[in-house]
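Chains, contacts and geometry: an overview
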Amino acid sequence: MKRLKEQDPEVFNLIEKETDRQNNGLELIASENFVTKAVMEAMGSTLTNKYAEGLPGKRYYGGCKYVDIIEDLARDRAKILYNADWVNVQPHSGATANAAVYLTFLKPGDTLLGLDLSHGGHLTHGSPVNFSGITYNAEFYGVEKETGRLDMNMIRDKAKKIKPKMISIGASAYPRDFDYEAFRNIADEVGAFLWMDMAHTAGLIATKLLNNPLPYAHVVSTTTHKTLRGPRGGMLLIGRDSENTLGKVAPKSGRVKNWSELLDSAVFPGTQGGPLMHVIAAKAVAFGEALQKDFVRYQEQVISNSKAMAARFLEMDYDLVSGGTDNHLMLVDLRNKGITGKDAEEALGRADLTVNKNMVPFDDKSPFVTSGIRIGTPAMTTRGLGNEEFRRIAELMDLVITNPGQESVISKVRDEVHEMCERYPLYDFVTV
Ligand SMILES: *Cc1c(COP(=O)(O)O)cnc(C)c1O
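Residues numbered from 1 in each chain as written. Predicted model: local features only at pLDDT ≥ 70, side-chain atom pairs only at ≥ 80, totals over all residues. Heavy atoms only, no water.

As annotated in an unreviewed UniProt entry, the protein chain carries the name Serine hydroxymethyltransferase and is attributed to Natronogracilivirga saccharolytica. The protein chain has a UniProt comment under Sequence similarities (unreviewed entry) that states "Belongs to the SHMT family." (UniProt positions renumbered as here; feature names shortened; annotations may be inferred.)

1. Overview of the packing of aromatic side chains
Under the counting rule described, the total for this entry stands at 13 aromatic pairs. On the basis of an interplanar angle of 65 degrees and a centroid distance of 5.2 Å, the ring pair of F193 and W259 is categorised as edge-to-face. Residue F193 is located in strand 8 (residues 193–197), and its partner W259 is located in helix 11 (residues 259–271); the two are separated by 66 residues in the primary sequence. By the burial criterion, F193 is buried, and W259 matches it. Joined through ring pairs, the aromatic side chains of Y102, F131, Y136 and W195 make up one cluster. (Phe/Tyr/Trp six-rings, centres within 6.5 Å; stacked < 30°, edge-to-face > 60°. Helix = DSSP H or I, 4+ residues; strand = E, 2+ residues; numbered from the N terminus. Buried < 20%, exposed > 50% of the residue type's maximum accessible area, 1.4 Å probe, protein only.)

2. Considerations on the UniProt feature "modified residue: N6-(pyridoxal phosphate)lysine" (unreviewed entry) in the protein chain
Those places that UniProt annotates as "modified residue: N6-(pyridoxal phosphate)lysine" (unreviewed entry) correspond, in this numbering, to K226. When you line up the elements, K226 lands in the loop between strand 9 (219–223) and strand 10 (234–239). Excluding anything up to four places from it in sequence, K226 contacts S31, N33, A199 and H200. (Contact = heavy atoms within 4.5 Å.)

3. Comments concerning the packing of helix 16 (residues 387–402) against helix 17 (residues 407–423)
Axis separation between helix 16 and helix 17 bottoms out at 9 Å; the angle between their running directions is 160 degrees. Taken together, the axes of helix 16 and helix 17 lie roughly antiparallel to each other. In this structure, helix 16 meets helix 17 at a crossing whose hand is left-handed. Contacts between helix 16 and helix 17 pair E389, R392, I393, L396, L399 and V400 from the former with V409, I410, V413, E416, V417, M420 and R423 from the latter. (Axes fitted to C-alpha atoms, helices over the stretch in contact; angles between N-to-C directions. Parallel < 35°, antiparallel > 145°, perpendicular 65-115°, else oblique. Left-handed = near helix turned anticlockwise from the far one by under 90°.)

4. Brief notes about the sheet that holds strand 12 (residues 329–333)
Taken in spatial order, the four strands line up as 11-12-15-14 in an open sheet, and their pairing is antiparallel. What marks the edges here is a single partner per strand, and that holds for strand 11 (319–320) and strand 14 (356–358). Strands strand 11, strand 12 and strand 15 (372–376) of the sheet are contacted by helix 13 (residues 293–315), whose axis makes an angle of about 15 degrees with strand 12. Set on the sheet, helix 14 (residues 341–350) makes contact with strand 14 and strand 15; between it and strand 15 the angle comes to about 45 degrees. (Pairing = 2+ DSSP bridges.)

5. Things to note about empty space enclosed by the protein
With the rule as written, the count across this model stands at one cavity of 30 Å³ or more. The volume enclosed by the largest cavity comes to roughly 70 Å³. Lining the largest cavity are 14 residues, and of these A171, Y174, F178, H200 and T201 sit closest to its centre. (1 Å grid on protein atoms, 1.4 Å probe; cavity = no way out; pocket = protein on both sides within 12 Å on 5 of 7 lines; lining within 4 Å. Points joined across faces, edges and corners; volume = space filled by probe spheres on them.)

6. Let's talk about the environment of T377
Within the fold, T377 resides in the loop between strand 15 and helix 15 (378–382). It is 9.3 Å that separates the C-alpha atoms of T377 and S304, two residues lying 73 residues apart in sequence. Among residues more than four places away in sequence, those in contact with T377 are V302, N305, S306, H328 and F390.

7. Let's talk about the sheet that holds strand 5 (residues 111–115)
On the basis of which strands lie adjacent, the open sheet formed by seven strands has the order 4-10-9-8-7-5-6 and mixed pairing. Single-partner strands in this sheet number two, and they are strand 4 (84–88) and strand 6 (137–141). The sheet shows a mean angle of 25 degrees between the axes of neighbouring strands, direction not considered. Against the sheet, helix 7 (residues 152–162) touches strand 5, strand 6 and strand 7 (166–169), its axis set at about 165 degrees to strand 5.

8. Overview of unusual backbone geometry
That bond from F268 to P269 is cis: its omega, 10 degrees, falls within 30 degrees of zero. Residue position: P269 is located in helix 11. The residue N83 is not glycine, and still its phi comes out positive at about 55 degrees. Here N83 is to be found in the loop between helix 4 (65–82) and strand 4. For N83, a relative accessible area of 44% corresponds to the partly exposed category. Phi at T370 takes a positive value of approximately 65 degrees, unusual for a residue other than glycine. Among the secondary structure elements, T370 is positioned in the loop between strand 14 and strand 15.

9. Focus on helix 7
By the burial criterion, the buried members of helix 7 are M152, I155, A159 and I162. Along the axis of helix 7, the buried residues cluster in a sector spanning 105 degrees; they form a single face. When the buried face of helix 7 is taken as reference, the exposed residues oriented beyond 90 degrees from it are D157 and K161. Of the surrounding elements, those touching the buried residues of helix 7 are strand 5, strand 6, strand 7 and helix 8 (180–190). At the N-terminal end of helix 7, a side-chain oxygen is found 2.8 Å from the backbone nitrogen of N153, two or three residues along, and the residue is D151. Following helix 7 by one or two positions, K163 adopts a phi angle in the positive range, close to 45 degrees. (Arc of directions from axis to C-beta. Polar contact = N/O pair within 3.5 Å; in protein donor to acceptor, adjacent residues only side chain to side chain.)

Written as structure tokens, this is what we have:
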């Protein structure tokens with residue numbers, strides 16, 4: 001970044017500071033990851049200059065012959081990763097991918113049944129502060145109090161009662177896998193569309209370590225920057241048979257359209273303008289990486305680290321929602337430790353351990369305070385940490401959580417955090 005340093009030292013220095021921050025802390029936010037330099041190079045390329053509204057071969061602008069090939073590469077690689085029939089790689093983010101899903105399948109006022117935000121759901125699944133909750137009639141299902149897990153009978157009862165037009169699956173803080181077949185049976189029973197938002201788990205699904213929703217959901221949305229470890233962005237997919245089981249689309253203006261065509265138009269011109277071709281190129285690069293054997297080993301390690309860390313927390317009498325984890329994250333209910341999520345996040349931050357406070361199911365505190373923290377392993381697994389390190393991190397976190405006001409403890413933990421960071425330097429990893 002020589003040019004940037006010369007031309008705009010103010011911005012350059014802040015980027016340097018942020019890079020140092022990433023390098024010198026243990027990043028445990030479950031939705032974050034570190035992309036490869038190759039992905040970053042594609043994002044920082046000349047492609048940012050190009051307007052390419054439309055789809056490959058059907059653009060509204062000239063000069064698209066190379067970006068067409070790039071977007072096709074991204075689409076083809078994503079299809080292989082998920083065994084998909086159709087994909088759209090243009091959504092700027094997970095939230096805009098979801099906006100296209102709503103625009104395609106619901107009309108304002110229609111009923112959606114989604115996972116409660118405080119039980120691990122996402123804002124875009126019907127929260128009253130999000131367009132989804134403002135525009136549509138959002139109803140929610142939650143986890144069972146005893147087990148912290150979804151109970152398909154409870155969900156079926158709720159679906160039968162409210163008769164939603166669409167059921168959403170997917171979460172930002174649910175440590176277990178989903179039974180997509182059971183969800184599809186419920187959707188069929190009540191005549192609802194089934195939508196899976198795999199934003200968090202896309203990398204684990206691509207490597208077949210978690211169930212693949214594509215054979216069951218009518219549409220799947222995702223981000224590309226969480227476990228999938230690509231550039232910040234979104235994507236939409238349809239599985240091999242989903243289009244057939246969806247039936248015909250009632251023609252709005254004469255010609256009968258496929259759902260995939262409607263989803264394409266819901267992305268552009270429905271909710272977006274020009275696609276970010278530099279990000280789409282970076283998606284192609286990341287999907288190429290995800291098709292390598294190393295990526296499977298990485299995702300296996302993500303889960304193995306998550307389980308090792310969860311086991312250590314349980315040994316130290318921590319209360320994990322659902323009693324553990326099957327994926328890349330765990331949700332710690334801190335009520336038996338006498339500290340709020342907010343205070344724990346703040347104290348851990350002082351030791352350069354980055355986590356986020358998080359509501360736990362049946363939380364009695366507000367979203368600004370919360371009773372829990374969410375911890376994820378994808379980012380630090382990318383840096384090369386293994387089971388032993390993650391067990392040690394659980395111990396370090398315990399030291400902070402049980403001594404939040406003791407500066408001497410915090411500073412000792414911070415020293416060990418920095419030592420660990422030095423052993424696993426950022427951007428010295430992954431060669432795929
Ligand atoms: C992260 C996330 C999103 C939103 O992705 P953005 O790229 O931040 O817009 C949507 N749904 C779920 C389930 C998520 O976890």
